[in-house]
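Chain by chain, the residues:
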Amino acid sequence: MTIAKESGDYLVNIARKTISHYFKTNEKLPIPDDCPEELKEDLGVFVTLNENNELRGCIGYPEPVVPAIEATINVVLSAAFNDPRFNPVTEEEFNNIDIEVTVLTKPELIIASNPKEILDQIRIGTDGLIVEKGFFRGLLLPQVAPENNMDEIEFISHTCLKAGIHPKSWVEEDCKVYRFQGQIFYSTD
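Residues numbered from 1 in each chain as written. Predicted model: local features only at pLDDT ≥ 70, side-chain atom pairs only at ≥ 80, totals over all residues. Heavy atoms only, no water.

Undergrad: Could you give an account of helix H2 (residues 68-81), naming the residues involved and the relevant values?
TA: Taking 1.5 Å as the rise per residue, H2 with 14 residues should run 20 Å; its terminal C-alpha atoms sit 20 Å apart, in good agreement. Of all the 14 residues making up H2, twelve are buried; the element is thus mostly covered by neighbouring parts of the structure. Buried residues in H2 make contact with helix H1 (5-25), strand S1 (44-51), strand S2 (54-61) and strand S3 (97-104). (Helix = DSSP H or I, 4+ residues; strand = E, 2+ residues; numbered from the N terminus. Expected span 1.5 Å × (residues − 1). Buried < 20%, exposed > 50% of the residue type's maximum accessible area, 1.4 Å probe, protein only. Contact = heavy atoms within 4.5 Å.)

Structure below.
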């Protein structure tokens, strides 16, 4: 599903308001009454926080399990305050944080009879990847590959590493690879 640019911009604005509201009240922002209807649909959503062009937090729902508006409010708080890779965002640094909201399509299992067919189905700059092996699961958003000049093999290998498995695990029969697309909305305000 594709959402309107105005709805995406609304999500970015809500993400910023959510963090600001949390600093003031220590509570989650309620879902606003003026929320566009399409954001009440269940959609996968990731929020990425950057500070001076460096990753500062990134958390999301890869599957469409809650409405996009609710997902955005939940994951921006997690990205800002609970990403285990980073200390919580402070009020002092908040003005330097850029927010990116990526709305995801439903992940699609890549069906292939051999590893080369998997690679042939990955579109760099268009697809994000999820690699799943047993209880291990890793995800990289579509923008990661072009931002890091990755080809298909590097992209899928790094997705395996994100899952905590060997970078060549994707060639094994018990490893599943999914692709999805994302609409990216951002603000540097």
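Undergrad: How would you explain the pairing of strand S6 (residues 136-140) if you had to name every residue and give the values?
TA: Here strand S5 (residues 127-133) runs beside S6; their pairing, made up of five bridges, is antiparallel. In the strand pairing of S6, Ile130 is matched with Leu139. Two successive antiparallel strands, S5 and S6, enclose a turn made up of two residues, where Gly134 displays a positive phi of approximately 60°. (Pairing = 2+ DSSP bridges.)

Undergrad: Can you lay out the layout of surface pockets for me, pointing to particular residues and giving the numbers?
TA: In this structure, the largest pocket encloses a volume near 560 Å³. If you go around the largest pocket, you meet 22 residues; those closest to its centre are Thr48, Asn50, Leu55, Glu100 and Glu147. Where the lining of the largest pocket is concerned, the elements lending two or more residues are S1, S2, S3, S6, helix H4 (144-147) and strand S7 (175-187). The residue inventory of the lining of the largest pocket, partitioned by class, reads nine nonpolar, seven polar and six charged. The space that makes up the second largest pocket amounts to roughly 270 Å³. Phe46, Cys58, Ile59, Gly60, Pro62, Asp83, Pro84, Arg85, Arg137, Gly138, Leu139 and Lys162 together form the lining of the second largest pocket. Secondary-structure elements contributing two or more residues to the lining of the second largest pocket are S2 and S6. Partitioning the lining of the second largest pocket into residue classes produces six nonpolar, two polar and four charged. (1 Å grid on protein atoms, 1.4 Å probe; cavity = no way out; pocket = protein on both sides within 12 Å on 5 of 7 lines; lining within 4 Å. Points joined across faces, edges and corners; volume = space filled by probe spheres on them. Nonpolar A, V, L, I, M, F, W, Y, C, P; charged D, E, K, R; others polar.)

Undergrad: I'd love a proper account of the packing of aromatic side chains, names of residues and values included.
TA: The geometry of two aromatic rings is summed up by the distance between their centres and the angle between their planes. As enumerated under the stated definition, the model contains three aromatic pairs in all. Judged by centre distance (4.8 Å) and plane angle (35°), the rings of Tyr22 and Phe81 are tilted. Placement of Tyr22 in helix H1 and of Phe81 in helix H2 is noted, with a sequence separation of 59 residues between them. What makes Phe81 buried here is its relative accessible area of 16%. Aromatic pair Phe23 and Phe81: ring centres 5.5 Å apart, planes at 90°, arrangement edge-to-face. Placement of Phe23 in helix H1 and of Phe81 in helix H2 is noted, with a sequence separation of 58 residues between them. Put simply, the rings of Tyr22, Phe23, Phe81 and Phe94 pair up and form one aromatic cluster. The ring centre of Phe94 lies 5.3 Å from the NZ or CZ of Arg16, which sits over that ring. (Phe/Tyr/Trp six-rings, centres within 6.5 Å; stacked < 30°, edge-to-face > 60°. Lys NZ or Arg CZ within 6 Å of the ring centre and 35° of its normal.)

Undergrad: How would you summarise the environment of Val103 if you had to cite specific residues and measurements?
TA: Looking at where Val103 falls in the secondary structure, it is placed in strand S3. Setting aside residues no more than four positions away along its own chain, Val103 makes contact with Ile3, Leu11, Leu43, Gly44, Gln181, Gly182, Gln183 and Phe185.

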